[in-house]
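Listed below, chain by chain, are the residues.
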Amino acid sequence: MSFISTRVSSSNPIEFSQAILSPSAPKGGLYVPSKLPQLDSDFFQDNIDTSYKELAKKIVQMFNIDIEASVLQDAVDLYDNFDDKNTPVPLVKVKDDLFVSELYHGPTRAFKDMALQPFGHILSHLAKKENKNFLILAATSGDTGPATLNTFKNKPNIKVACLYPDGGTSDVQKLQMTTMDANNIDVLGIEGNFDDAQSALKSLLASKTFKSELQNSNINLSAANSVNFGRIIFQIIYHIYSYIALLSQKEIKNGELIYITVPSGNFGNALGAYYAKKMGVPIYKILTTSNANSILSELINTGVYDIREKSLIKTISPAMDILKSSNVERVLFDKFGYERTLELMTNLNKQNYYILTSSELECLREDFEAIACDDSYTLSIIKKYSDSGYIMDPHTATSLKAYEKLKKEPYKMVICSTAEWTKFAPSMVNAINKDDKAYTDHKALSIVEEKLNTTMIKSVKELFSKEIIFQKIVKKEDIEQEILNFIKS
Ligand SMILES: *Cc1c(COP(=O)(O)O)cnc(C)c1O
């Protein structure tokens, strides 16, 4: 199968491996598959007994990608390292019509592992095969960093430099990064917030000296965020799996429609659901939720994407604190074609807004509905559901608002749970105690354990006694030199 840019006519298709290695497509676009494989209606029933990883392999192979079967097998075998190798993604029944797909049972306790684990294996394999060295630069608000470092640690031909805002992540997230012991990674705290980390990365990528130094050292740049289709492909699988799991739990009949609800930031997870729907999964609607940074729900509700007057608001669901959400572009392309996508994206880049026509909005809403959920509502959800026995993190909690307010049809709903509560323990305590005190993660974790009669996973507990390897907090102007030293080391 070939991959094309969202912003030019499809005259220059490339293979999957190329789209993974150099993910920026012509005219600043993103790579998308030229067509999607189709699942026939028997597919779901026929795969009731297929394991998650075998299903992943089967579906990825339907994309006809230029990756050998043995490499793909090794990649999906990494799901064996999740909590339960037989069920890496449990689908948990919370109410008669409400199910949670727990996507956080991987090594770094956030759904980013679902795609980054296999993706890291494939990227490193390709780099080695082509005898090239790659640098992955990551700016993180807390979940992407640990998951990226974990998947690439000690992998040949790859180096990872990760920037996190000092004070802008939870203690657990920070420890996951700073205690990681590997010979090919660098972790730098920077003075400032996530915006600063991202803009530092941008100016680095634009720097002439940096580029020429990379060239001299024979190092190529790639990206591990969800602009890379190598991540998106693994984010389609679990939505298909949810449908099959509902069938196998006898909760639905084959062909019955369901809702999928996704707490969204960069829209990668929601895009995966959209592709699953287009491939034939009977999804009635994809509901997306935002926090107080409600740019995505505004787009889906009004057709207007406008960041002119907006600045980033810090919330208790930081992985959804976003203004420019990259993967919306792939949906726009799929619905309206490359010319219109180029026009809309050019507007966004030059004027910081774009407006869909009313028929375009209608077309978008055939597949999506959305709602924003502020922090106080999020806290009340955490409290309400933990009182009745289901513990969820603040990101996942935003999606319960969609269950309460947007679900109009009697169809069953699957909510994607994107992180484990252990990564956001202080907010959990604020919710349970209805207070707004500042807790350390260490203290908050034990309060939650006691109050909710649960236990944190060993890998989180152990973080607090591990040696901290990366201590450095750097100023913006020193980042370039730091990373150059790291590359040459
Ligand atoms: C990354 C992340 C999100 C947002 O996912 P997107 O695919 O970027 O929309 C939501 N919740 C958590 C916990 C995350 O780490």
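Description of the structure in this document.

Cut-offs applied
Residues numbered from 1 in each chain as written. Predicted model: local features only at pLDDT ≥ 70, side-chain atom pairs only at ≥ 80, totals over all residues. Heavy atoms only, no water. Helix = DSSP H or I, 4+ residues; strand = E, 2+ residues; numbered from the N terminus. Expected span 1.5 Å × (residues − 1). Bend = angle between axes of the 7 residues up to and from the residue. Axes fitted to C-alpha atoms, helices over the stretch in contact; angles between N-to-C directions. Parallel < 35°, antiparallel > 145°, perpendicular 65-115°, else oblique. Left-handed = near helix turned anticlockwise from the far one by under 90°. Contact = heavy atoms within 4.5 Å. Nonpolar A, V, L, I, M, F, W, Y, C, P; charged D, E, K, R; others polar. Pairing = 2+ DSSP bridges. Phe/Tyr/Trp six-rings, centres within 6.5 Å; stacked < 30°, edge-to-face > 60°. Buried < 20%, exposed > 50% of the residue type's maximum accessible area, 1.4 Å probe, protein only. Lys NZ or Arg CZ within 6 Å of the ring centre and 35° of its normal. Near = heavy atom within 4 Å. Polar contact = N/O pair within 3.5 Å; in protein donor to acceptor, adjacent residues only side chain to side chain. Areas by Shrake-Rupley, 256 points an atom, 1.4 Å probe, with all protein chains shown as cover. 1 Å grid on protein atoms, 1.4 Å probe; cavity = no way out; pocket = protein on both sides within 12 Å on 5 of 7 lines; lining within 4 Å. Points joined across faces, edges and corners; volume = space filled by probe spheres on them. Core = buried A, V, L, I, M, F, W, Y, C linked by side-chain atoms within 4.5 Å.

## Digging into helix 14 (residues 328–351)
Then, in step 1: The end-to-end C-alpha distance of helix 14 is 17 Å, clearly below the 34 Å that 24 residues give at a rise of 1.5 Å each.
Then, in step 2: At Gly337, helix 14 shows its largest bend, some 130 degrees.
Then, in step 3: Just downstream of helix 14 lies Asn352, where phi reads positive at about 65 degrees.

## Examining the packing of helix 18 (residues 425–433) against helix 19 (residues 441–451)
Then, in step 1: For the pair helix 18 and helix 19, the least separation of the axes is 8 Å and the interaxial angle reads 45 degrees. Considering the angle they form, helix 18 stands oblique to helix 19. As for the relative orientation of helix 18 and helix 19, their crossing is left-handed in sense. Where helix 18 abuts helix 19, its residues Ala425, Pro426, Met428, Val429, Ile432 and Asn433 lie against Asp441, Ala444, Leu445, Ile447, Val448 and Lys451.
Then, in step 2: Of the residues that constitute the contact of helix 18 with helix 19, the class distribution is nine nonpolar, one polar and two charged.

## A short note on the sheet that holds strand 15 (residues 412–417)
Then, in step 1: Strand order in the open sheet formed by six strands is 4-5-15-10-11-14, with mixed pairing between adjacent strands. Because the sheet does not close on itself, it has two edges, and the strands there are strand 4 (91–95) and strand 14 (368–372). With direction set aside, neighbouring strand axes in the sheet form an average angle of 25 degrees.
Then, in step 2: Contacts between helix 11 (residues 234–248) and the sheet are confined to strand 4, strand 5 (98–102), strand 10 (258–263) and strand 15, with strand 10 contributing the most and set at about 140 degrees to the helix.
Then, in step 3: The sheet contacts of helix 12 (residues 268–279) involve strand 10, strand 11 (283–290), strand 14 and strand 15, and relative to strand 11 the element is tilted by about 175 degrees.

## Some remarks on the packing of aromatic side chains
Then, in step 1: One pass over the structure, following the stated rule, counts 17 aromatic pairs.
Then, in step 2: Taking the centre distance of 5.0 Å and the plane angle of 75 degrees together, the rings of Tyr52 and Tyr241 count as edge-to-face. Placement of Tyr52 in helix 3 (residues 52–62) and of Tyr241 in helix 11 is noted, with a sequence separation of 189 residues between them.
Then, in step 3: Using a relative accessible area of 1% as the deciding quantity, one classes Tyr52 as buried.
Then, in step 4: On the basis of relative accessibility, which here comes to 13%, the residue Tyr241 falls in the buried class.
Then, in step 5: Look at Tyr259 and Tyr284: their rings are 5.4 Å apart centre to centre, the planes differ by 85 degrees, and that puts the pair in the edge-to-face class. On the criterion of sequence distance, the pair formed by Tyr259 in strand 10 and Tyr284 in strand 11 is long-range, its members being 25 residues apart.
Then, in step 6: Ring pairing ties together the aromatic residues Phe3, Phe16, Phe63, Phe229, Phe267, Tyr274, Tyr275 and Phe368, which thus form one cluster.
Then, in step 7: For the cation-ring pair, Lys285 lies above Tyr284, with the distance from its terminal atom to the ring centre recorded as 5.4 Å.
Then, in step 8: The ring centre of Tyr353 lies 3.9 Å from the NZ or CZ of Arg308, which sits over that ring.

## Looking at the site of the ligand
Then, in step 1: Around the ligand sit 15 residues in total, of which Lys112, Asp143, Gly265, Asn266 and Thr418 are the nearest.
Then, in step 2: One of the backbone nitrogen or oxygen atoms of Phe267 is found 2.9 Å away from an oxygen atom of the ligand.
Then, in step 3: Measuring from an oxygen atom of the ligand, one finds a backbone N or O atom of Asn269 at 2.9 Å.
Then, in step 4: In isolation the ligand exposes 380 Å². Once the protein is present, 96% of that is buried.
Then, in step 5: Looking at side-chain class alone, the shell around the ligand contains six nonpolar, seven polar and two charged residues.

## Regarding the pairing of strand 5
Then, in step 1: Most of strand 5 is tucked away: five of the five residues are buried.
Then, in step 2: Neither face of strand 5 is left uncovered, since the one carrying Leu98, Val100 and Glu102 and the one carrying Phe99 and Ser101 both have all their residues buried.
Then, in step 3: Pairing analysis gives four bridges linking strand 4 to strand 5, with the strands arranged antiparallel. The residue of strand 5 that forms the bridge with Leu91 is Ser101.

## Quick look at the side chain of Ser101
Then, in step 1: Among the structural elements, Ser101 can be located in strand 5.
Then, in step 2: Excluding residues that lie within four positions of it along the chain, Ser101 makes contacts with Val89, Pro90, Leu91, Ser242, Val414, Ile415, Cys416 and Ser417.

## A closer look at the sheet that holds strand 16 (residues 473–474)
Then, in step 1: Taken together, the five strands give an open sheet; going across it, the order is 9-6-7-8-16, and neighbouring strands pair in parallel fashion. Only two strands of the sheet have a single neighbouring strand rather than two, namely strand 9 (219–222) and strand 16.
Then, in step 2: With four bridges connecting them, strand 6 (residues 133–139) and strand 9 associate as parallel partners. Its bridge partner being in strand 9, Ile136 is matched across the sheet by Ser222.
Then, in step 3: Against the sheet, helix 5 (residues 112–129) contacts strand 6, strand 7 (158–165) and strand 9, and its axis sits at roughly 140 degrees relative to strand 7.
Then, in step 4: Relative to strand 7, helix 21 (residues 479–488) is tilted by about 155 degrees, and along the sheet it contacts strand 6, strand 7, strand 8 (185–190), strand 9 and strand 16.

## Overview of helix 19
Residues spaced three or four apart along an α-helix face the same direction, because each turn holds 3.6 residues.
Then, in step 1: Within helix 19, burial applies to Asp441, Ala444, Leu445, Ile447, Val448 and Glu449.
Then, in step 2: Buried residues belonging to helix 19 abut helix 7 (171–178), helix 18 and helix 20 (458–463).
Then, in step 3: At the C-terminal side of helix 19, Asn453 shows a positive phi close to 55 degrees.

## A short note on the layout of surface pockets
Then, in step 1: Approximately 680 Å³ is the volume found for the second largest pocket.
Then, in step 2: Secondary-structure elements contributing two or more residues to the lining of the second largest pocket are helix 7, helix 8 (194–206) and helix 18.
Then, in step 3: A total of three residues in the lining of the second largest pocket trace back to one element, the largest contributor, which is helix 18.
Then, in step 4: Of the residues assigned to the lining of the second largest pocket, the class counts are nine nonpolar, eleven polar and six charged.

## What about the nonpolar core?
In a soluble, globular protein the nonpolar side chains are often hidden away together inside.
Then, in step 1: Among the nonpolar cores identified, the biggest contains 109 residues, and Phe63, Ile240 and Tyr354 are the most heavily contacted of them.
Then, in step 2: In terms of residue count, helix 11 provides more of this core than any other element does, eleven residues in total.
Then, in step 3: With near-sequence residues (within four places) excluded, Tyr354 lies in contact with Leu299, Gly303, Val304, Tyr305, Val328, Leu332, Leu344, Met345, Asn347 and Leu348.
Then, in step 4: The next biggest cluster of nonpolar side chains, apart from the first, holds 38 residues, and it includes Ala397, Ala402, Leu406 and Ile447.

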